[in-house]
Amino acid sequence: MEFTDFSSFHEMLRATVDRTPGTVAYRSILENGEMESVTWSDFYDQVRRAAKALIALGIEHGDKVNVLSYTNYKWVLTDFAVMAVGGCTVGIYQTLLPKDCRYIVDHSDAVLVFAEDEQQVAKLKEIRQEIPDIRKVVLFKGDPGGDDWVIGYEEFLALGDDVPEETLQGRIDAVTPEDLAAIVYTSGTTGVPKGAVLTHDNLTFTAQSVKASLAVEGADETLLFLPLAHVFARLIVFGALANDITLTFARGLDTIAEDMKIARPHWFASVPRVYEKVHTKIISGAEAKGGLALKIFRWALDVGRQVSECKLNKRPIPATTALKYKLANKLVFSKVHEALGGRVRWCISGAAPLNPDIARFFHTADILVLEGIGMTENTSFTNVNRVDNYRFGWVGPTGPGIEQKTDEHGEIMYRGRNVMKEYYKMPAETAETITEDGWQYTGDLGEIDDEGFLRVTGRKKDLIITAGGKNVAPSAIEGLVATSKFINQVCVVGDRRKYLTALITVDEENIRAYAQEHAITGTELPDLVSSPQIVNLIGQEVEDKNQQFASFETIKKFKIVDEFTIDNGMLTPTMKVKRNVAVERYKDLIEKMYVEG
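Residues numbered from 1 in each chain as written. Predicted model: local features only at pLDDT ≥ 70, side-chain atom pairs only at ≥ 80, totals over all residues. Heavy atoms only, no water.

### Brief notes about the side chain of Asp220
- With respect to the helices, strands and loops of the structure, Asp220 is situated in the loop between helix H8 (200-213) and strand S10 (221-224).
- At 3.4 Å, the side chain of Asp220 forms a polar contact with the side chain of Trp267.
- Within the structure, the side chain of Asp220 is placed 2.8 Å from the side chain of Arg345, a separation counted as a polar contact.
- Once residues lying within four places of it in the same chain are set aside, the contact partners of Asp220 are Ala215, Ile245, Thr246, His266, Trp267 and Arg345. (Helix = DSSP H or I, 4+ residues; strand = E, 2+ residues; numbered from the N terminus. Polar contact = N/O pair within 3.5 Å; in protein donor to acceptor, adjacent residues only side chain to side chain. Contact = heavy atoms within 4.5 Å.)

Shown next as structure tokens:
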């Protein structure tokens, strides 16, 4: 394909505005469930006004601006305005503790922070003495509270009303493709977060490569609920812009189910955890009904699998099977579609491995989950399955303009205009990651077939080597075991050990239902999970999943622990378990699994 060599991200925005000025660009779901909309033309005017306000606040070319907020319209508006004047946006997860916010604010050399609400402002005030370079905090919503350091968003916008148009245009015209557009900090599963520097060219190139890889249609709409501090969510915004797609902002992670029905997206992107949760809820709901309803559900799944196999192998669907599938859809699968708003054609899964069984389950219901891969260091996109060419368990071929290969150790490498410029202020780490001829080391291990399809087999640093010398990729095991409706999270342990063990958290809703059904006493979850019946239940679930692994890959022992969360430091903001933190926190419990008989 031919790429448009935009001079800046703002030029790509302007191209979309010129194509479809009256089309709705963004919708926001309000607390009462109603929606507010803005057209591309009106959005563009707002971007320019916010850009002028940044100039009035003294933001210079190359200045860093933090955004400490969950996903919302003002996040995107601010981001686009910062990039327009040659600034660099640096997102901060709203779930981070004050000390973690301080690290990013300080390390990124930021001079201005946009904060979502008073709760986020309170974090900044707690570390105010440690971030002296921050001139102002701009509040998206809430009361600034009479502190001159904090101003409201409307007050911020008004600051730029006297900035001349020619001043703004001069700043926009001065931006080049190689200028910094964003610094995105890695979520830090191990060690200190690193800031990946992304240029305007990184963003505009990757948005176009994504556009060429996905089967979008002119009137498509999508829903965004991923955190914009993560580059995956930013890529969805950039891709929607390149495709003239209307994007709706969800209210929050806890309202996704309701927001799906309100927004009615044609496609959406998510991390695997959301698909796992939906899968568990559907299975549990069917089993709870029991009787005839459960028999119909299982019959529908069986018919759906037959249709899925035909599609995967590009075989025609037999007429009788097609009739059965039509009935299965009416009785069962239509409800799954309704739960997702009723218009979903396909979905994207990224940021972590998706268990193939989960993808196959959705495929039986005629919902295609296209798994892809990308990372912060390559603008969150390298590979994705296509709607007319896909495999479960593989992440598909590369997008246009992106090269891939594996080195002699099986590590996956990429080269293209999607690869970051550097790690901010970390030259040694940059040199270890990007070769002189532009190839990026990913840390992922994988295989590439003759058609260019990539299958990721594990993480180089995450690989467990048992005492017997066997190499084990824990993520695949964890993903399969977590498909049990009674199991929530899994952390496999076993490096340099004679066998694998696991730390497991349970699905509270399904455990309580099981306890009630089997008259297991106890109202508090710790009491329930310590009961022999529940421990035996989890043991049976683990043993059932073990049947699908080689002997050295099976989990021999496990311990039930408290849920891994962002607040307790066990999860990254992208919902990945911090294995090293888990191993350290539960080291005594782990040791017992290797000394107990």
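Further notes follow.
### Here we look at unusual backbone geometry
- Located in the positive-phi region is Arg264, a residue other than glycine, with phi close to 45 degrees.
- Topologically, Arg264 is positioned in the loop between helix H10 (256-263) and strand S12 (267-270).
- What makes Arg264 partly exposed here is its relative accessible area of 35%.
- Phi at Ala519 is positive, roughly 55 degrees, even though this residue is not glycine. (Buried < 20%, exposed > 50% of the residue type's maximum accessible area, 1.4 Å probe, protein only.)

### Observations regarding the nonpolar core
- Tyr26, Phe43, Phe80, Phe114 and Phe156 are the most contacted members of the largest nonpolar core, which has 127 residues in total.
- Per-element accounting of this core gives the leading share, ten residues, to helix H9 (residues 231-242).
- Once residues within four sequence positions are removed from consideration, Tyr26 is found in contact with Glu36, Ser37, Val38, Trp40, Phe43, Tyr73, Val76, Phe80, Val237, Leu247 and Phe249. (Core = buried A, V, L, I, M, F, W, Y, C linked by side-chain atoms within 4.5 Å.)

### Some words on the sheet that holds strand S11 (residues 246-249)
- Read across the open sheet, the eight strands follow the order S2-S1-S11-S10-S12-S13-S14-S15; overall the sheet is mixed. In this open sheet, the two strands that pair with only one neighbour each are strand S2 (35-39) and strand S15 (383-384).
- Contacting strand S1 (24-29), S2 and S11, helix H3 (residues 73-84) crosses the sheet at an angle of about 140 degrees to S1.
- Contacts between H9 and the sheet are confined to S1, S10, S11, S12 and strand S13 (346-349), with S12 contributing the most and set at about 160 degrees to the helix. (Pairing = 2+ DSSP bridges. Axes fitted to C-alpha atoms, helices over the stretch in contact; angles between N-to-C directions.)

### Quick notes on the side chain of Thr20
- Following the sequence through the fold, Thr20 ends up in the loop between helix H1 (9-19) and S1.
- Excluding its chain neighbours within four sequence positions, the residues that come into contact with Thr20 are Trp40 and Asp244.

### Comments concerning the packing of helix H11 (residues 272-289) against helix H12 (residues 291-312)
- Closest axis-to-axis distance for the H11/H12 pair is 6 Å, and the angle between their directions is 140 degrees. With respect to each other, H11 and H12 are oriented oblique. Facing Ile282, Ile283, Ala286, Glu287 and Lys289 of H11, the residues of H12 in contact are Gly291, Ala293, Leu294 and Phe297.
- In terms of residue class, the contact of H11 with H12 is made up of six nonpolar, one polar and two charged. (Parallel < 35°, antiparallel > 145°, perpendicular 65-115°, else oblique. Nonpolar A, V, L, I, M, F, W, Y, C, P; charged D, E, K, R; others polar.)

### Re the packing of aromatic side chains
- The final tally for this structure, using the stated rule, is 26 aromatic pairs.
- Relative to Phe43, the ring of Tyr26 lies with its centre 4.9 Å away and its plane at 65 degrees, an arrangement referred to as edge-to-face. Of this pair, Tyr26 sits in strand S1 while Phe43 sits in helix H2 (residues 40-56), and the two are 17 residues apart along the sequence. Accessibility classification places Tyr26 together with Phe43 in one group, the buried group.
- Taken together, a centroid distance of 6.2 Å and an interplanar angle of 75 degrees make the contact between Trp40 and Phe43 edge-to-face. Taken together, the residues Trp40 and Phe43, both in helix H2 and three residues apart, mark about one turn of the helix. No difference in accessibility class separates Trp40 from Phe43, as the two residues are buried.
- Over the ring of Tyr594 we find Arg497; its NZ or CZ atom is 4.4 Å from the centre of that ring. (Phe/Tyr/Trp six-rings, centres within 6.5 Å; stacked < 30°, edge-to-face > 60°. Lys NZ or Arg CZ within 6 Å of the ring centre and 35° of its normal.)

### With respect to the sheet that holds strand S16 (residues 403-406)
- Pairing is antiparallel in the open sheet, where four strands are placed in the order S16-S17-S19-S20. Strands at the two margins of the open sheet, each flanked by one partner only, are S16 and strand S20 (454-459). When strand polarity is set aside, the average angle formed by the axes of neighbouring strands in this sheet is 50 degrees.
- As paired elements, strand S17 (residues 411-415) and strand S19 (residues 440-448) share three bridges and run antiparallel to each other. When the sheet's bridge partners are listed, Glu411 is paired in S19 with Leu445.

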